[in-house]
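Each chain, letter by letter, is given below.
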Amino acid sequence: MGYSAGDEQKGAGLFKTRCAQCHTVGAGEPNKVGPNLHGIFGRKSGQAQGFSYTAANVNKGITWDEETLFEYLENPKKYIPGTKMAFAGLKKDKDRNDLVTWLKTSTA
C-alpha cells in the first residue's frame, strides 16, 4: 500500500514530536543534525544546501515525492543503507500519510 492523503494537523503533531529536534522546514532556516526540508519535494536525495550527507544518501539518487518519502519514513536505514539518520521510522501507514501530507504544505 502506498501513500494517500492524510490528516495535516496530525502530521504537524508528528513532525513536532518526532522530527523537529533534527529538522527545520522553513525557507532559509538552518540545518540542524538533519537537513532543512524546505523544497524537499522534487529534490534528489542528498542535495540540501550546506548539509553534509553520507555517500549512501547522495548516491541513492532518488527524487523525493509522496511515495518515496512514504517508503523512506517506514524504515530509513533499510531504504538507504548507510544513512546517518538515527530515526527508526514510523511503522503505521496512517502516521506516514499524515506526516507526508503535512510536509507537502509546510516545505513548499
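Just so you know, these numbers come straight off a predicted model, no measurement behind them.

A look at the overall build of the protein
The helix and strand tally for the protein stands at five helices and zero strands. Going from the N terminus to the C terminus, the protein shows its helices and strands as α-α-α-α-α. In terms of overall size, the protein behaves like a compact globule, its C-alpha atoms giving a radius of gyration of 13 Å where 108 residues would be expected to give roughly 13 Å. The buried share of the protein, taken over its 108 residues, is 42%. The long-range share in the protein, meaning contacts at least 24 apart out of those at least 6 apart in sequence, stands at 45%. On the protein, roughly 5,900 Å² of surface is accessible, and the fraction owed to carbon and sulfur atoms is 55%. Averaging the positions of the 15 positive and the 11 negative side-chain charges in the protein gives two centres separated by 7 Å.

Topic: the environment of aspartate 7
Within the secondary structure, aspartate 7 sits in the segment before α1 (8-19). Residue class for aspartate 7 comes out partly exposed when judged on its relative accessible area of 30%. Through-space distance from the C-alpha of aspartate 7 to that of asparagine 97 is 7.6 Å; in sequence the pair is 90 residues apart. A distance of 2.9 Å separates a polar atom in the side chain of aspartate 7 from the backbone nitrogen of glutamine 9.

Describing the side chain of aspartate 98
Structurally, aspartate 98 can be placed in helix α5 (residues 93-106). Only 2.7 Å separates the side chain of aspartate 98 from the backbone nitrogen of aspartate 7, close enough to count as a polar contact. Ignoring anything within four residues of it in the chain, the contact list for aspartate 98 reads Gly6, Asp7, Lys10, Gly11 and Leu14.

Structural notes on the environment of threonine 63
Along the chain, threonine 63 falls in the loop between α2 (55-60) and α3 (66-72). Every residue in contact with threonine 63, bar those within four places of it in the chain, is listed here: Gly42, Arg43, Lys44 and Thr68. In this structure the side chain of threonine 63 is engaged in a polar contact, spanning 3.4 Å, whose partner is the side chain of lysine 44.

How each quantity is defined
- Residues numbered from 1 in each chain as written.
- Predicted model: local features only at pLDDT ≥ 70, side-chain atom pairs only at ≥ 80, totals over all residues.
- Heavy atoms only, no water.
- Helix = DSSP H or I, 4+ residues; strand = E, 2+ residues; numbered from the N terminus.
- Rg over C-alpha atoms; globule rule 2.2 N^0.38 Å.
- Buried < 20%, exposed > 50% of the residue type's maximum accessible area, 1.4 Å probe, protein only.
- Contact = heavy atoms within 4.5 Å.
- Areas by Shrake-Rupley, 256 points an atom, 1.4 Å probe, with all protein chains shown as cover.
- Lys, Arg positive; Asp, Glu negative; His and termini not counted.
- Charge placed at Lys NZ, Arg CZ, Asp CG, Glu CD.
- Polar contact = N/O pair within 3.5 Å; in protein donor to acceptor, adjacent residues only side chain to side chain.

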